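Each chain, letter by letter, is given below.
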Amino acid sequence: MSRWIVSMDLIDLLASAARRIRNGKMHDGFFEYDDATTVDAIATALIDLNYVVVDENYGEEAERPEYTFRPVQEILEGPLKPRHYVQICQAVDLIARCR
């Protein structure tokens, strides 16, 4: 039986977007992180959560590769363009469909 783990690029994009939201002090109703939390910590939490869910679904623990967050600078800095919102929404939708 195959497992589907979210790609590291997708985690990088979502963590960058989460940090952008928190820097803007927008209440997101999900993340419990304060404004001092690093984007690396958010990315690590997302990747860990992905593995926990997959492990629970399959009843066994998957081997976890080493992960290093690579920020998506165009999401973190400057004005967001419509294509950025589309990328973020598609990433969230992809994860939601995997449940």
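Counting starts from 1 at the beginning of each chain's written sequence and moves along it residue by residue. Residue-level local features of this predicted model are given only where pLDDT is at least 70; pairs of side-chain atoms are given and counted only at 80 or more, and the full residue set underlies all totals for whole chains, interfaces and linings. Neither water nor hydrogens contribute to the side-chain values; these are computed over all heavy atoms in the structure.

## A word on the overall build of the protein
- Each helix and strand counted, the protein has four helices and zero strands in total.
- Only DSSP runs of H or I covering at least 4 residues are called helices, and only runs of E covering at least 2 are called strands; the numbering of each starts at the N terminus. When the helices and strands of the protein are placed in sequence order, the string is α-α-α-α.
- For the protein, the residues scored as buried account for 29% of the 99 residues in total.
- Working rule for contacts: check all heavy atoms of both residues, and any pair within 4.5 Å makes them a contact. The contacts in the protein between residues at least 6 apart in sequence include a share of 66% that link residues at least 24 apart.
- When the accessible surface of the protein is summed, it comes to about 6,800 Å², and 55% of that surface belongs to carbon and sulfur atoms. For every residue, the accessible area (1.4 Å probe, protein chains only) is compared with the maximum for its type, and the residue is labelled buried under 20%, exposed over 50%, or partly exposed between those bounds. Areas reported as accessible are Shrake-Rupley estimates using a 1.4 Å probe. Residue values count occlusion only from the protein chains shown.

## Things to note about the environment of Gln90
- Take Gln90: it is sitting in helix α4 (residues 82–97).
- On the basis of relative accessible area, Gln90 is assigned to the exposed category, the value being 52%.
- Gln90 sits 80 residues away from Leu10 along the chain, and the two C-alpha atoms are 9.8 Å apart.

## Digging into the side chain of His84
- Mapped onto the elements of the fold, His84 is located in helix α4.
- Looking at His84, its side chain comes within polar contact range of the side chain of Glu74, at 2.9 Å.
- When near neighbours in sequence (up to four residues on either side) are disregarded, His84 contacts Glu74, Ile75 and Pro79. In the analysis that follows, any N or O atom pair within 3.5 Å is treated as a polar contact, provided that within protein one partner can donate a hydrogen and the other can accept it, and provided that, for residues neighboring in sequence, both atoms belong to side chains.

## What about the environment of Ala17?
- Inspection of the secondary structure puts Ala17 in helix α1 (residues 8–23).
- Of the residues examined, Ala17 reaches a relative accessible area of 7% and is grouped as buried.
- Here the alpha-carbon distance between Ala17 and His84, two residues 67 residues apart in the chain, equals 9.3 Å.
- In this structure, Ala17 is in contact with Ile75 and Ile88, ignoring residues within four places of it in sequence.

## Quick look at the pattern of salt bridges
- When a carboxyl oxygen of Asp or Glu lies within 4 Å of a side-chain nitrogen of Lys or Arg, that pair is called a salt bridge. On inspection of all chains with the given rule, the structure shows five salt bridges.
- For Asp55, the salt bridge is made with Arg64, and the minimal N-O distance between the two is 3.2 Å.

## A word on the confidence of the model for the protein
- In this model, the protein carries a mean pLDDT of 78, and residues with pLDDT of at least 70 account for 77%.
- Put simply, α4 is where the protein has its lowest mean pLDDT, 80, and helix α3 (residues 73–76) is where it has its highest, 85. Each residue carries a pLDDT value, the predictor's own confidence for that position, ranging from 0 to 100.

## Section: the nonpolar core
- The definition of a nonpolar core used throughout is a set of buried Ala, Val, Leu, Ile, Met, Phe, Trp, Tyr and Cys residues joined through side-chain atoms within 4.5 Å. One finds Ile11, Ala15, Ala43, Leu46, Tyr67 and Phe69 to be the most contacted residues of the largest nonpolar core, which totals 20 residues.
- Mapped by element, the contributors of at least two residues to this core are α1, α2 (39–58) and α4.
- In terms of residue count, the dominant contributor to this core is α1 (seven residues).
- Once residues within four sequence positions are removed from consideration, Tyr67 is found in contact with Met8, Ile11, Asp12, Ala43, Thr44 and Ile47.

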